[in-house]
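The primary structure of each chain is shown beneath.
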Amino acid sequence: MQNACIVAVAGFALWLSNGVSVRAELLRTGGTGATLETLRRLGTAFTTIEPAIQIEVIEGLGSSGGIAAVAAGAIDLSISGRMLSAADARSLKATVIARTPFGLVSSHGNPGDIRSVDIADLFGSATSVWADGKPVRPILRPKTDSDSSLLIGSFPNMPAAMEKARQRAEIPVAATDQDNARLAEGVAGSLTAMTLVQLQTENLRLRFLTIDGVAPTLENFESGKYPYGKDLHLVVSSRTTPALDRFVAFLHSPRGIAILRASGSLPVRR
């Protein structure tokens, strides 16, 4: 009996030891909200070929929060909608992993086409209407958000128009990409800026406006017909791990590239 107990205990210890040795290594990621669903898709595909590494996607960080979290060691990598600051670049590395079309979306059933030179009026004028006469209801992002900067930098006369819009108390300001989507879906005649990668992966009930007669499809973006896009930066610490290196390599692999394209972004090859 004593020998049997010793064997049983030894067997349990061996099982426990093996369980610890095969426990999955965890990589945490997050960043700009537009790419959260893409990160989940990439993580699921990655773990099918690397089952010893699990990917956890942290919500609600945003680009700046994701960068800060990587710098603090709270997450292993992030996707950012903006470049690193000079201070960030002292301890972090960033490369453009993909680009995605950037444009204007609405809950309106047929928002139609708009000239790029008229976009400022849609945001700046309190009397803007859609082609059917229904009012345009803008939704803004915080001044420091990368989409706000991109919107101002992409179209004519936007700085003054955005300042006018920010003075209107009835215009909401969405803190995150997901807040922006929820507001845009819930407000009749909404108008806000968004990337194709978010609209496509989250299956939102929103429609892109065409700009100067061109739709923001990945095909039009890749061909150069649609010129407005957003860079997606992969941010990591200067100190990497083998698991992180394998995940980054997967992002650049044929399967990773296919997932990025299917999600509405154009991979940037190394």
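Just so it is clear, the model here is predicted, and its values are computed rather than measured.

Basis of the calculations
Per-chain numbering applies: the sequence of each chain, read as written, is numbered from 1 onward. pLDDT decides what is reported in this predicted model: residues at 70 or higher carry local features, side-chain atom pairs at 80 or more are listed and counted, and totals for whole chains, interfaces and linings draw on all residues regardless. Neither water nor hydrogens contribute to the side-chain values; these are computed over all heavy atoms in the structure. For two strands to pair, DSSP has to find at least two bridges joining them. Helix and strand assignments come from DSSP, with helices taken as H or I runs of at least 4 residues and strands as E runs of at least 2, each series counted from the N terminus. When a residue's accessible area, from a 1.4 Å probe over protein chains only, is under 20% of the maximum for its type it is buried; when over 50% it is exposed; and in between it is partly exposed. Contacts are residue-level and defined by heavy atoms, with any inter-residue pair within 4.5 Å sufficient. Nine residue types can take part in a nonpolar core, namely buried Ala, Val, Leu, Ile, Met, Phe, Trp, Tyr and Cys, and a core is a set of them joined through side-chain atoms within 4.5 Å. Each residue carries a pLDDT score, the predictor's own confidence in it, on a scale running from 0 to 100.

K.L.:
Sorry, what's going on with the pairing of strand β4 (residues 92–106) here?
P.N.:
In the case of a regular strand, side chains alternate between the two sheet surfaces. In this structure, β4 lies alongside strand β10 (residues 229–237), joined through nine bridges in antiparallel fashion. Each bridged residue has a counterpart across the sheet, and for Thr95 the counterpart in β10 is Leu234. Judged from the two bridges that link them, β4 and strand β11 (residues 266–267) form a sheet pairing that is antiparallel. Paired with Ala98 across the bridge in β11 is Pro267. Of the pairings in the sheet, the one linking β4 to strand β7 (residues 190–195) comprises four bridges and is antiparallel in character. In the strand pairing of β7, Leu104 is matched with Ala193.

K.L.:
Hey, could you run me through the side chain of Gln178 in this one?
P.N.:
Along the chain, Gln178 falls in helix α7 (residues 177–186). A relative accessible area of 19% places Gln178 in the buried class. When near neighbours in sequence (up to four residues on either side) are disregarded, Gln178 contacts Gly33, Ala34, Leu36, Gln198 and Glu202.

K.L.:
When you look at the side chain of Thr201 in this model, what are you seeing that I'm missing?
P.N.:
Among the secondary structure elements, Thr201 is positioned in helix α8 (residues 196–201). If we skip the residues at most four places from it in the chain, Thr201 touches Ala34, Glu37, Thr38, Arg41 and Ser263.

K.L.:
Can you help me understand unusual backbone geometry in this one?
P.N.:
Negative phi values dominate among residues other than glycine, just as trans dominates among peptide bonds. In this structure, Asn203 is a non-glycine residue whose phi angle is positive, near 50 degrees. Mapped onto the elements, Asn203 comes out in the loop between α8 and β8 (207–208). The phi dihedral of Asp212 is positive, around 55 degrees, even though this residue is not glycine. Positionally, Asp212 belongs in the loop between β9 (210–211) and α9 (218–223).

K.L.:
Is there a simple way to explain the nonpolar core in this structure?
P.N.:
Across soluble globular proteins, you tend to see nonpolar side chains buried next to one another. Leu104, Ile119, Phe123, Leu151, Met158 and Leu191 are the most contacted members of the largest nonpolar core, which totals 37 residues. Contributions of two or more residues to this core are made by β4, α4 (119–124), α6 (158–166), α7, β7, α8 and α9. Not counting residues within four places of it along the chain, the set of residues in contact with Leu104 comprises Ile119, Phe123, Leu151, Leu191, Thr192, Ala193, Arg207, Phe208 and Leu209.

K.L.:
What am I meant to see in the confidence of the model for the protein here?
P.N.:
Any residue range with low pLDDT should be treated as having predicted coordinates unsuitable for detailed reading. Model confidence for the protein is summarised by a mean pLDDT of 92, while 91% of its residues fall at 70 or above. Segment residues 1–21 is flagged for pLDDT under 50; beyond a separation of four residues in sequence, or across chains, it makes zero contacts in the model.

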